[in-house]
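Tertiary structure, described
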Amino acid sequence: MTGQTAQSPAESLADGGISMPPSIPAVMPTYNRADVAFARGEGAWLDAVDGRRFLDFGAGIAVNLLGHAHPRLVAALKAQGERLWHVSNLYTIPEQERLAEALVDATFADTVFFTNSGTEAAELGIKIARKFGGADRPRCIAFEGAFHGRSTGAIAAAGAQKLTEGYGTLMPGFEQLPFGDMAAFEAAMGDDVAGVFVEPIQGEGGIRTLPEGALRDMRALCDRHGALLVLDEVQCGMGRTGTLFQHEREGITPDVMLVAKGIGGGFPLGAVLATEAAAAPMTAGTHGSTYGGNPLACAVGLAVMETVATEPFLAEVRAKAGFLQQRLGALAAAHADAIEEVRGVGLMLGLRLREGWEPGALANAAREAGLLVVPAADRTLRILPALTIAEEELSEGVSRLDTALHALKAQTGAA
Ligand code: PLP
């Protein structure tokens, strides 16, 4: 609510006769939103309410793993929706048990806690590390450029000023090291470290992949010092990189892993996967969630797992990724004045732009050309299509990126 004179929130609430219309939108304006709203989606395509059609290379920021309105997910949601929506974690939830068993069967994990989001998964990861560490291990290590969510714990972990500013004293214990700097990591590790939190590929940070061997070295150093290795695979996991989880490529396993986004295919769902030893302190009453692992979410999650966690599906992701990477390489060569590098693994790719080029401006130009992509930090434009996208659609998307680059150059006079 605004007044003619400056009023404190308490005064403006107390003045009773509310006359001025509020100047704040009904939806709290915490996002910079593009001027487009969607009415429906199918596969890799989205139809806007105003009739425009978009090819989706963002997939809700790596969420719509199987595209929009995938028949198998729609069927799972409908069937569960007609049976049972919600009961509470006071009771046994068979759908939750089935999904937990599927995750345990497919990974290093012995046990799973379900959440509704990546942030909540990160929050539990932090709690596990702190409980495991106790008074003897007050430190946790994370990395510059990281993103683990927006809760007070997750922003303390990531540490970046743009996330933490204005929120007062942060949870103590976290320190951030340069991403991929293994000398700094080895120097910082000690027997007082409870947990090491790392994204094998930073998403928000700009599709930055840990150097080869780094995860293996982190595993070894965590073992040497008795610390938990907590991998955040919220964005890079669930088949996006062509293996079910990115850490599999390094032949290591974490103690704890955070999963969300793709696991629900668009239904809010997250999970913390852990070994029995790491989860040992998490006994009855130590953590909980009203909705986490509810029947609807788990029915959809199970359909996602049954689709994605198969070798033929993952082999197809790798083949499509090779095709897209080759096309993007050609695009980068044709626009070497704007694109510095194609980076990433599988279908988690980024175009790192040259200095002076803004990923946000390129994302806007791409949208004008009918393509949705996602800007990230480190001058990088993210390309995160549904894993089910067809090769012709990948070609079409790259051609729209080419159109967008030409349009942007014409606008900025860089052509
Ligand atoms: N961790 C990573 C690596 C992420 O990319 C994100 C979201 O972008 C999160 C955690 C937070 O997930 P959510 O937005 O579902 O809370």
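One can find the structure itself at the top, above this paragraph.
The paragraphs below set out a description of the structure included in this document.

A few points about the nonpolar core
Membership of the largest hydrophobic core comes to 64 residues, with the highest contact counts inside it found for Phe57, Leu273, Leu324, Leu328, Leu351 and Ile383. The leading source of residues in this core is helix α12 (residues 311-334), at 9 residues. Ala122, Cys140, Ala156 and Phe197 belong to the second-largest nonpolar core, a separate cluster that totals 24 residues.

Brief notes about the pairing of strand β2 (residues 45-48)
Relative to β2, strand β1 (residues 38-42) runs antiparallel, the two sharing 4 bridges. Opposite Phe38, over in β2, you have Ala48 as the bridge partner. The turn linking β1 back onto β2 is made up of 2 residues, and Gly43 within it adopts a positive phi angle of 60°. As judged from the 3 bridges shared by β2 and strand β3 (residues 53-56), these two strands associate in the antiparallel manner. Bridge pairing links Leu46 to Phe54 in β3. The hairpin turn running from β2 into β3, its antiparallel successor, is 4 residues long, and Gly51 in that turn takes a positive phi close to 95°.

Observations concerning the state of the cysteines
For the structure shown, the criterion picks out 0 disulfides. Free cysteine Cys222: the closest other cysteine sulfur is in Cys140, separated by 11 Å. Of the residues examined, Cys222 reaches a relative accessible area of 0% and is grouped as buried.

Section: the packing of aromatic side chains
For any pair of aromatic rings, geometry is given as the distance between the ring centres together with the angle between the planes. A full pass over the atoms with the stated rule returns 4 aromatic pairs. Measuring from ring centre to ring centre gives 5.7 Å for Phe38 and Phe54, while their planes differ by 90°; the resulting arrangement is edge-to-face. Highlighted residues: Phe38 in strand β1 and Phe54 in strand β3, separated in sequence by 16 residues. Since its relative accessible area comes to 36%, Phe38 is described here as partly exposed. Their ring planes at 80° and their centres at 6.3 Å tell us that Phe143 and Phe179 sit as a pair that is edge-to-face. Separated by 36 residues along the polypeptide, Phe143 in strand β5 (residues 139-143) and Phe179 in the loop between β6 (174-177) and α8 (182-188) bring together distant segments of the chain. Exposure class is identical for Phe143 and Phe179. Each is buried. Here the aromatic cluster, defined as three or more aromatic residues joined through ring pairs, consists of Phe143, Phe179 and Phe185.

As for the sheet that holds strand β16 (residues 374-376)
Taking strand neighbours across the sheet as the criterion, the 4 strands line up as β13-β14-β17-β16 in an open arrangement whose pairing is antiparallel. Each having just a single partner strand, β13 (339-345) and β16 make up the two edges of the open sheet. Pairwise comparison of adjacent strand axes, ignoring direction, gives a mean angle of 30° for this sheet. Here β16 runs beside strand β17 (residues 380-383); their pairing, made up of 3 bridges, is antiparallel. Bridge pairing links Ala376 to Thr380 in β17. The strands touched by α12 are β13, β14 (348-353) and β17; relative to β13, the strand with the most contacts, the crossing angle is about 170°.

A closer look at the site of the ligand
Taken together, the residues surrounding the ligand are Ser117, Gly118, Thr119, Phe147, His148, Gly149, Glu199, Glu204, Asp232, Val234, Gln235 and Lys261. One of the backbone N or O atoms of Phe147 is found 3.3 Å from a nitrogen atom in the ligand. Asp232 has a polar side-chain atom sitting 2.7 Å from a nitrogen atom of the ligand. Burial of the ligand by the protein amounts to 84% of the accessible area it has alone, namely 390 Å².

Quick word on the environment of Pro21
Examined against the element boundaries, Pro21 turns out to sit in the loop between α1 (9-14) and β1. Among the residues examined, Pro21 registers a relative accessible area of 56% and is labelled exposed. Between the C-alpha atom of Pro21 and that of Met348, which follows or precedes it by 327 residues, the distance is 44 Å.

Observations concerning the layout of surface pockets
In this structure, the second largest pocket occupies an estimated 270 Å³ of space. Lining the second largest pocket are 14 residues, and of these Thr111, Val112, Phe113, Met282 and Thr286 lie nearest its centre. Going through the elements one at a time, β4 (111-115), α5 (118-133) and β12 (270-274) are the ones with two or more residues in the lining of the second largest pocket. Counting residues per element, the lining of the second largest pocket draws most heavily on β4, at 3 residues. Partitioned by chemical class, the residues of the lining of the second largest pocket number 9 nonpolar, 5 polar and no charged.

Criteria and thresholds
Residues numbered from 1 in each chain as written. Predicted model: local features only at pLDDT ≥ 70, side-chain atom pairs only at ≥ 80, totals over all residues. Heavy atoms only, no water. Core = buried A, V, L, I, M, F, W, Y, C linked by side-chain atoms within 4.5 Å. Buried < 20%, exposed > 50% of the residue type's maximum accessible area, 1.4 Å probe, protein only. Helix = DSSP H or I, 4+ residues; strand = E, 2+ residues; numbered from the N terminus. Pairing = 2+ DSSP bridges. Disulfide = S-S within 2.5 Å. Phe/Tyr/Trp six-rings, centres within 6.5 Å; stacked < 30°, edge-to-face > 60°. Axes fitted to C-alpha atoms, helices over the stretch in contact; angles between N-to-C directions. Contact = heavy atoms within 4.5 Å. Near = heavy atom within 4 Å. Polar contact = N/O pair within 3.5 Å; in protein donor to acceptor, adjacent residues only side chain to side chain. Areas by Shrake-Rupley, 256 points an atom, 1.4 Å probe, with all protein chains shown as cover. 1 Å grid on protein atoms, 1.4 Å probe; cavity = no way out; pocket = protein on both sides within 12 Å on 5 of 7 lines; lining within 4 Å. Points joined across faces, edges and corners; volume = space filled by probe spheres on them. Nonpolar A, V, L, I, M, F, W, Y, C, P; charged D, E, K, R; others polar.

On their own, these measurements won't tell you what the molecule is for.
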